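Residue-level structure breakdown
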Amino acid sequence: MQAGNVCHSRRCAPVVAPHHSAASSSRSRLQPVRAQQAEASPGLLAKLGRVIKEKAAGDYERFFKGTSKTRERLGLVEELLTFWSLEDYEDTLEELEEALITADFGPKTALTIVDGLREELKAGSIKTADDMRSALKRQIISLLEPANNSSSSSSGKTSELQLQGEPAVLLIVGVNGAGKTTTIGKLAHRLSKEGARVLLAPGDTFRAAAAEQLAEWARRSGAKMGTFKEGGRPGGVLAAACNDAKQQKDVDVVICDTAGRLHTAYALMEELANCRKSIANVLPKQPCETLLVLDGTTGLNMLNQAREFNDTVPLSGLILTKLDGTARGGAVVSVVDQLKLPVKFIGVGETPEDLQPFDAVNFAEALFPAAKQQ
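Residues numbered from 1 in each chain as written. Predicted model: local features only at pLDDT ≥ 70, side-chain atom pairs only at ≥ 80, totals over all residues. Heavy atoms only, no water.

Focus on the overall build of the chain
What counts, and what does not: Counting from the N terminus, the helices are DSSP H or I runs at least four residues long and the strands are E runs at least two residues long. A 1.4 Å probe rolled over the protein chains alone gives each residue an accessible area, and that area as a share of the maximum for its type sets the label: buried under 20%, exposed over 50%, partly exposed in between. Every residue pair with non-hydrogen atoms within 4.5 Å of one another is taken to be in contact. Using a 1.4 Å probe, the Shrake-Rupley method yields the accessible areas, and only the shown protein chains count as cover for residues.
Along the chain, the regular secondary structure elements total 16 helices and ten strands. Within the chain, the proportion of its 374 residues that are buried is 55%. Across the chain, the fraction of contacts at a sequence separation of at least 24, relative to all contacts at a separation of at least 6, is 77%. In the form shown here, the chain has an accessible surface area of approximately 16,000 Å², with 49% of it arising from carbon and sulfur atoms.

Observations regarding helix H7 (residues 107-122)
To keep things clear, this is the line we draw: A helix is expected to span 1.5 Å for every residue after the first.
Taking 1.5 Å of rise per residue, 16 residues should cover 22 Å, and H7 covers 22 Å from first to last C-alpha, within 8% of that figure. When H7 is considered as a whole, its buried residues turn out to be Thr109, Ala110, Ile113, Val114, Gly116, Leu117, Arg118, Glu120 and Leu121. Buried residues along H7 sit in contact with helix H6 (89-102), helix H8 (129-144) and helix H15 (331-339). Two residues or fewer past H7, Gly124 is found with a positive phi of approximately 85 degrees.

Observations regarding a negative patch on the surface
Going by this rule: The residues that make up patches have over 30% relative accessible area and no salt bridge, and they are joined within 9 Å when like-charged or within 5 Å when they are Val, Leu, Ile, Met, Phe, Trp or Tyr. One speaks of a salt bridge when a side-chain nitrogen belonging to Lys or Arg is within 4 Å of a carboxyl oxygen belonging to Asp or Glu. Only four residue types enter the charge count: Lys and Arg as positive, Asp and Glu as negative, with His and the chain ends excluded. Note on charges: their place is set at NZ of Lys, CZ of Arg, CG of Asp or CD of Glu.
A cluster of acidic side chains, namely Glu79, Glu87, Asp88, Asp91, Glu94, Glu95 and Glu98, defines a negative patch on the protein surface. Ranked by residue count, the leading element in the negative patch is H6, at four residues. Mapped onto the secondary structure, Glu95 falls in helix H6.

As for unusual backbone geometry
Leaving glycine out, the prevailing phi sign among residues is negative, and the prevailing peptide bond configuration is trans. In this chain, Glu166 is followed by Pro167 through a cis amide linkage whose omega measures 5 degrees. Among the secondary structure elements, Pro167 is positioned in the loop between helix H9 (150-154) and strand S3 (168-173). A cis geometry characterises the amide bond from Gln286 onward to Pro287, with omega recorded as 0 degrees. Within the secondary structure, Pro287 sits in the loop between helix H13 (266-282) and strand S7 (289-295). The backbone of Asp104 sits at a positive phi, close to 70 degrees, despite the residue not being glycine. One can find Asp104 in the loop between H6 and H7. Since its relative accessible area comes to 9%, Asp104 is described here as buried. Backbone geometry at Lys340 places phi at a positive 55 degrees, although glycine is not the residue there. Within the secondary structure, Lys340 is located in the loop between H15 and strand S9 (343-347). Residue classification places Lys340 among the partly exposed positions, given a relative accessible area of 29%.

Thoughts on the nonpolar core
What counts is decided by this rule: The term nonpolar core refers to a set of buried residues drawn from Ala, Val, Leu, Ile, Met, Phe, Trp, Tyr and Cys, joined through side-chain atoms within 4.5 Å.
Counting residues in hydrophobic clusters, the biggest one holds 108 residues, and the most contacted among them are Leu163, Leu191, Leu200 and Ile255. Every residue in contact with Leu191, bar those within four places of it in the chain, is listed here: Leu48, Ile52, Leu161, Leu163, Ala196, Val198, Val253 and Ile255.

Details of the pattern of salt bridges
What the rule picks out here adds up to 16 salt bridges. Notably, a salt bridge pairs Asp130 with Arg133, separated by 3.1 Å at the nearest N-O pair. One end of the pair is Asp130 and the other is Arg133, both in helix H8 and three residues apart, which spans about a single turn. On the basis of relative accessibility, which here comes to 7%, the residue Arg133 falls in the buried class. The partner of Asp337 in a salt bridge is Lys340, and the shortest N-O contact between them spans 3.5 Å.

Observations regarding the pairing of strand S8 (residues 317-321)
The condition that has to hold: Criterion used throughout: strands pair if DSSP finds at least two bridges between them. Look down the strands so they point away from you; if going from the first strand over the helix to the second traces a clockwise path, that crossover is right-handed.
The element S8 is largely enclosed, with a buried count of five among its five residues. Bridge count between S7 and S8: five bridges; the pairing is parallel. Bridge pairing in S8 places Leu291 opposite Gly317. Handedness of the crossover joining S7 and S8 through helix H14 (residues 302-312) is recorded here as right-handed. Of the strand pairs in this sheet, S8 and S9 are connected by three bridges, and their pairing is parallel. Note that in S9 the partner of Leu318 across the bridge is Val343.

Describing H6
Its 14 residues give H6 an end-to-end C-alpha distance of 20 Å, which sits within 8% of 20 Å, the value for a rise of 1.5 Å per residue. The inward-facing, buried residues of H6 contact helix H5 (75-82), H7 and H8.

Right, dumping it as structure tokens:
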């Protein structure tokens, strides 16, 4: 595998790909990864998203720990349930709506949830506080599950990572500081762990530091690092990486990094559209996934970002980062409800394993756990 190049001004310094490590101890650590990658096959990609999601499905504790601040913000809901009674349920529903809005569920989504609860109350299916808690979780899950979202299901969008093609290409986009490069590294780690051969394509050609960070993640995950030229045309860099993977047939998944950009900067957004076209020119029907990384700490402010990015490069899903550091996790529900885009992964910690495949049931249970779990 080739080393990439990071150029500093007029001098180019090599970014050494992990498989070229000079230390024997590094070589020995990478041997299991090489052996795994050698066994990768087209059939692997078809089921890889499902495999990753199934393996993480039982890891409820990460969801629970990573949503602690949002759960604290929703403490008023538990207080309301403690003093729940059917006689004054309308007053309780109004207070519940306010509590959801405070946790960044947003007015529209909070009203949708409360209206659903009101219908269940009128139907007689809610009689106790436990019934109310269960119904609340059902309403949230119904908004988050693609199977229940006609717009998502009819377009084939799902929270499960969809990898198709030889190679499959993931295009990762987002604003400055959202955590794109770190997210790419964590994705590479997960995919490599399951036996996929991964290439990281450094499409952020404005910053040599971005390529250096990406190269370090390549080293850690056992991925291949693409060639980088500072100041180069991003679309050309990504196209070259995809072409190399196509010709050499030694890569299953290409993950394309892009420069962070404000969604209000027209020229930069047009450049992003060109990056997508450049990939498609080399590999028709690619990228198979275009994923927007959103900083969870921005709450509902992420909605406008997502709308603009989706207009420029049609998105297949979202990755929400830094949820462990915010009390505004309810925005996850609002984003899915309003944009009809599935969440693929959420970040609930610093380690690669803390980038969790999104699971609506686990998420709802973590926000509103059974009384005995709190």
